[in-house]
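Report on the structure
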Amino acid sequence: GAVVSQHPSWVICKSGTSVKIECRSLDFQATTMFWYRQFPKQSLMLMATSNEGSKATYEQGVEKDKFLINHASLTLSTLTVTSAHPEDSSFYICSATSGGSTDTQYFGPGTRLTVL
Amino acid sequence: QKEVEQNSGPLSVPEGAIASLNCTYSDRGSQSFFWYRQYSGKSPELIMSIYSNGDKEDGRFTAQLNKASQYVSLLIRDSQPSDSATYLCAVNPQAGTALIFGKGTTLSVSS
């Protein structure tokens, strides 16, 4: 199947700093990428949908000025958590799809963010 | 509100048995259906996709789709302890949009 990578796999930062997470589709062109957040023992929560060259569409309740998403190419999307706080500590996962009628989404391995 | 419902479990089966996971969805127009497996602390991994009514088999896994009943299931034959995970049912209501996920069913296979 298609491969999606994320970097870094884990990060620890101080409160108030910004953290950038990269999501790359390695062997296909991703027309759409999605960013999810998952707290321990909870379901995946969709944060935003990102189409290459367009502004991301954020889900209700997700602050677009805090979670900056850039999808500059068909293989790369980035999520920047600005002025991170301890409550932003979570597992951030991206997924990517090449589009088409089947629209299979492939997930990256996730990034575990811990804000001290 | 488009929804995907799954029994949260836990579903416990002995090693070698058949595990049956079920899912219903609300959007009758949905066309693509997926099962993902998620181990604790890891991201979801695609197991099966199914698009037309009937059965689709891949190794020990069989996905079943019944669009009239808005029902998707996953059968795992010869269950192994390594199959112990949370299984997520996902439905794509429209091309280009995000999948709608169920909350997942936790499967525990005892040796």
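Note that the structure is a prediction, hence the values are computed from the model and not measured. (Residues numbered from 1 in each chain as written. Chains lettered and ligands numbered in written order. Predicted model: local features only at pLDDT ≥ 70, side-chain atom pairs only at ≥ 80, totals over all residues. Heavy atoms only, no water.)

Describing the environment of A:H85
Residues and elements named next belong to chain A. Mapped onto the elements, H85 comes out in the loop between β8 (76-81) and β9 (90-97). Along the primary structure H85 and C13 are separated by 72 residues, whereas in three dimensions their C-alpha atoms are 9.2 Å apart. Setting aside its immediate chain neighbours within four residues, H85 contacts S15, K66 and V115. (Helix = DSSP H or I, 4+ residues; strand = E, 2+ residues; numbered from the N terminus. Contact = heavy atoms within 4.5 Å.)

As for a nonpolar patch on the surface
A cluster of nonpolar side chains, A:W10, A:I12 and A:L116, forms an exposed patch at the surface whose accessible area comes to about 390 Å². Tracing the sequence through the fold places A:I12 in strand β2 (residues 10-13). (Patch = residues over 30% accessible without salt bridge, like charges linked within 9 Å, V, L, I, M, F, W, Y side chains within 5 Å. Areas by Shrake-Rupley, 256 points an atom, 1.4 Å probe, with all protein chains shown as cover. Salt bridge = Lys/Arg side-chain N within 4 Å of Asp/Glu carboxyl O.)

Examining the side chain of A:T111
All names here are of chain A. Positionally, T111 belongs in strand β11 (residues 111-115). In terms of polar contacts, T111 uses its side chain to reach the side chain of Q6, at 3.1 Å. If we ignore the near neighbours within four places in the chain, the residues touching T111 are Q6, P8, S9, W10, V11, I21, S90, F91 and Y92. (Polar contact = N/O pair within 3.5 Å; in protein donor to acceptor, adjacent residues only side chain to side chain.)

A word on the confidence of the model for chain B
When pLDDT is averaged across chain B, the result is 94; 100% of the residues are at 70 or more. Of all helices and strands in chain B, the one with the weakest mean pLDDT is strand β10 (residues 100-101) of chain B (92), whereas strand β7 (residues 61-66) of chain B scores best (98). (pLDDT = per-residue confidence, 0-100.)

Brief notes about the pairing of strand β3 (residues 19-25) of chain A
Residue and element names in this part refer to chain A. Judged by which residues are buried, β3 turns out to be one-sided: V19, I21, C23 and S25 face inward and are buried, whereas K20, E22 and R24, on the alternate face, are not. Bridge analysis of strand β1 (residues 4-7) against β3 gives 4 bridges, and the strand direction is antiparallel. Considered in β3, the bridge of S5 is made with R24. In this sheet, β8 lies alongside β3 in antiparallel orientation, the contact comprising 6 bridges. What sits directly across from R24, in β8, is L76. (Buried < 20%, exposed > 50% of the residue type's maximum accessible area, 1.4 Å probe, protein only. Pairing = 2+ DSSP bridges.)

Concerning unusual backbone geometry
A:H7 connects to A:P8 through a cis peptide bond whose omega is 0°. Topologically, A:P8 is positioned in the loop between β1 and β2. Residues B:G9 and B:P10 are joined by a peptide bond in cis, for which omega reads 10°. By the secondary structure assignment, B:P10 is in the loop between β1 (4-6) and β2 (11-14). Non-glycine residue B:Q70 carries a positive phi angle of around 55°. Mapped onto the secondary structure, B:Q70 falls in the loop between β7 and β8 (71-76).

A closer look at the environment of B:T86
Residues and elements named next belong to chain B. For T86, the location among the structural elements is in strand β9 (residues 85-92). Relative accessible area serves as the criterion here: at 21%, T86 is assigned to the partly exposed category. When the C-alpha atoms of T86 and D58 are compared, they prove to be 19 Å apart, with 28 residues separating the residues in sequence. When sequence neighbours within four positions are dropped, the list of residues in contact with T86 reads Y36, R37, Q38, G104, T105 and T106. Among the polar contacts listed, one links the side chain of T86 to the side chain of T106, at a separation of 3.4 Å.

Topic: the interface of chain A and chain B
If you look at the interface, chain A gives 22 residues, while chain B gives 20 residues. Across the chain A/chain B interface, buried area totals approximately 1400 Å², and carbon plus sulfur atoms make up 54% of it. Sorting the residues of chain A by area buried against chain B places A:D103, A:Q105 and A:F107 first, and these three jointly supply 31% of that buried surface. For the pair chain A and chain B, the number of links is 0 salt bridges. For the interface between chain A and chain B, the tally reads 4 residue pairs in polar contact (both at pLDDT 80 or more). (Buried area = accessible area lost by both parts, 1.4 Å probe.)

With respect to the sheet that holds β3(A)
Residues and elements named next belong to chain A. Spatial strand order, β1-β3-β8-β7: 4 strands in an open sheet with antiparallel pairing. Each edge of the open sheet carries a strand with a single partner, namely β1 and β7 (67-73). The sheet shows a mean angle of 15° between the axes of neighbouring strands, direction not considered. Pairing between β7 and β8: 5 bridges, direction antiparallel. For F67, the partnering residue across the bridge sits in β8 and is V81. (Axes fitted to C-alpha atoms, helices over the stretch in contact; angles between N-to-C directions.)

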